[in-house]
Amino acid sequence: MAVQLNIRNLNAEDIQTAIDWAAHEGWNPGHEDGLTFLEADHSGFFAGEIDGELVTVISGVRYGDGFGFIGLFITHPDHRAKGHGQLIWDHAMTYLDGRTVGLDAVKEQTPRYAKHGFKPVYRNVRYAGISACDTPMDARLTPLGQGLFPSIRDYDRPFFPDERTEFLKLWTATTSKTRRGFAFVENGEVQGFGVLRQCLEGFKIGPLFADTPEIADALFRTLAGQVKGQPLILDIPEPNAAALLLAEKHEMSPEFETFRMYKGPAPDLPLDQTFGITTFELG
């Protein structure tokens, strides 16, 4: 008799299990990622259960009317190679039907996703190092908050394929205990912003968006300076040569890569101004 997989929505109580599994896989999630992720789409996180036991999870987050992103796709090691992952994958893709869908895949998994119609567009390279920044903060930088959110939301919009206001509101919230951010403001206009979040190991900067490499460097220095002497991670789209130089300038080294893949038309995003992506899990 075939084992029945019951698929339901992950909720605020058990999203932490998915985050714990991600940590076990070496993904190094942030301390407050779970509830923040849920804010992107409360109906887009799925759990597969057998007799009440969680065996597989996935996120298929809807953004706006036309985009979706697959992430947190994990089956517990004790339940792999039994078809459970395929069932929950199909469920998430049905939820995203009719949209362009993105994901970040390790190289070994790209052929698997290609069979489902996904095409690789560019690489993301994870750079890691120890923060050594200790310079005075540029006077044009201001902490996120301060009534800036409408401007941050508007600045963020071209950098993502569809609207993500509710997620961004929580991701940049000044009430977070483990996340902080800064915006570069000149002549009353936001010209870049970045967020630093504490992870299980060290800190990640993401997103890091800026009009110019000089603005990106000012933001990076200030964010990294908040955690001098601590491990630091920055996930960079490889087409942005200036971002790679920024990481190398600050003595960070490549340690991991993913391939950004899309099913459907690949969005036209300003990668030359994207110095750090937000997160592999949600795009």
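Residues numbered from 1 in each chain as written. Predicted model: local features only at pLDDT ≥ 70, side-chain atom pairs only at ≥ 80, totals over all residues. Heavy atoms only, no water.

Digging into the pairing of strand 8 (residues 179-186)
Alright, step 1. As defined by bridge partners, strand 7 (residues 141-143) adjoins strand 8 across three bridges and the pair is classed as antiparallel. When the sheet's bridge partners are listed, L141 is paired in strand 8 with F184.
Alright, step 2. Judged from the eight bridges that link them, strand 8 and strand 9 (residues 189-198) form a sheet pairing that is antiparallel. By the bridge assignment, R180 is partnered in strand 9 with L196. (Pairing = 2+ DSSP bridges. Helix = DSSP H or I, 4+ residues; strand = E, 2+ residues; numbered from the N terminus.)

Observations regarding the domain arrangement of the protein chain
Often the size quoted for an interface is simply the accessible area lost on bringing the parts together.
Alright, step 1. Taken domain by domain, the protein chain holds domain 1 (6-121) and domain 2 (126-276).
Alright, step 2. A C-alpha centroid distance of 24 Å is found between domain 1 and domain 2.
Alright, step 3. Each side of the interface is counted separately: domain 1 has 38 residues, and domain 2 has 32 residues.
Alright, step 4. Counting the surface lost from both domain 1 and domain 2, the interface buries some 2,900 Å², and carbon and sulfur atoms represent 59% of this.
Alright, step 5. For the pair domain 1 and domain 2, the interface holds three salt bridges.
Alright, step 6. Between D33 and R197 there is a salt bridge, with the nearest N and O atoms lying 3.0 Å from each other.
Alright, step 7. The interface formed by domain 1 and domain 2 includes 20 residue pairs in polar contact (both at pLDDT 80 or more).
Alright, step 8. Those elements that place two or more of their residues in the side of domain 1 that touches domain 2 are helix 2 (33-40), strand 4 (67-75), strand 5 (100-105), helix 4 (110-114) and strand 6 (119-130). (Domains from an automatic or database assignment. Contact = heavy atoms within 4.5 Å. Buried area = accessible area lost by both parts, 1.4 Å probe. Salt bridge = Lys/Arg side-chain N within 4 Å of Asp/Glu carboxyl O. Polar contact = N/O pair within 3.5 Å; in protein donor to acceptor, adjacent residues only side chain to side chain.)

Thoughts on the pairing of strand 6
Alright, step 1. Both strand 6 and strand 12 (residues 253-263) contribute to a ladder of nine bridges, which runs antiparallel. Paired with A128 across the two strands is S253, which belongs to strand 12.
Alright, step 2. Pairing of strand 6 with strand 11 (residues 231-237) involves seven bridges; the strand directions are antiparallel. Bridge pairing links R126 to D235 in strand 11.

Some thoughts on the layout of surface pockets
Alright, step 1. Size it by volume and the largest pocket reaches roughly 810 Å³.
Alright, step 2. The wall of the largest pocket is formed by 32 residues, among which W27, F73, I74, V106 and Y113 lie closest to the centre.
Alright, step 3. When contributions to the lining of the largest pocket are tallied by element, the ones reaching two or more residues are strand 4, helix 3 (84-95), strand 5, helix 4 and strand 12.
Alright, step 4. The element best represented in the lining of the largest pocket is strand 4, accounting for six residues.
Alright, step 5. Broken down by class, the residue content of the lining of the largest pocket amounts to 13 nonpolar, eleven polar and eight charged.
Alright, step 6. Lining the lining of the largest pocket are residues from two domains, each supplying at least three of them: domain 1 (6-121) and domain 2 (126-276). (1 Å grid on protein atoms, 1.4 Å probe; cavity = no way out; pocket = protein on both sides within 12 Å on 5 of 7 lines; lining within 4 Å. Points joined across faces, edges and corners; volume = space filled by probe spheres on them. Nonpolar A, V, L, I, M, F, W, Y, C, P; charged D, E, K, R; others polar.)

Here we look at the nonpolar core
Within soluble globular proteins, side chains that are nonpolar generally end up buried alongside one another.
Alright, step 1. Membership of the largest hydrophobic core comes to 39 residues, with the highest contact counts inside it found for F37, F45, Y63, I152, F193 and L282.
Alright, step 2. Domain assignment of the residues forming this core places at least three in each of domain 1 (6-121) and domain 2 (126-276).
Alright, step 3. Contacts of Y63, omitting those with residues within four sequence positions, involve A40, F69, R99, F160, D162, E163, R164 and L282.
Alright, step 4. F184, A210, L234 and A247 belong to the second largest nonpolar core, which has 28 residues in total. (Core = buried A, V, L, I, M, F, W, Y, C linked by side-chain atoms within 4.5 Å. Buried < 20%, exposed > 50% of the residue type's maximum accessible area, 1.4 Å probe, protein only.)

Re the environment of P143
Alright, step 1. One can find P143 in strand 7.
Alright, step 2. Taking C-alpha positions, P143 is 12 Å from T175, a pair spaced 32 residues apart along the chain.
Alright, step 3. In this structure, P143 is in contact with L148, G181 and F182, ignoring residues within four places of it in sequence.

Here's the deal with helix 1 (residues 15-24)
Alright, step 1. Looking only at helix 1, the buried set comprises I15, A18, I19, W21 and A22. Taken around the axis of helix 1, the buried residues stretch over an arc of 160 degrees, which confines them to a single face.
Alright, step 2. Residues of helix 1 that are buried in the fold lie against helix 2, strand 2 (45-50), strand 3 (53-63) and strand 4.
Alright, step 3. After helix 1 finishes, the residue G26 shows a positive phi value of roughly 90 degrees. (Arc of directions from axis to C-beta.)

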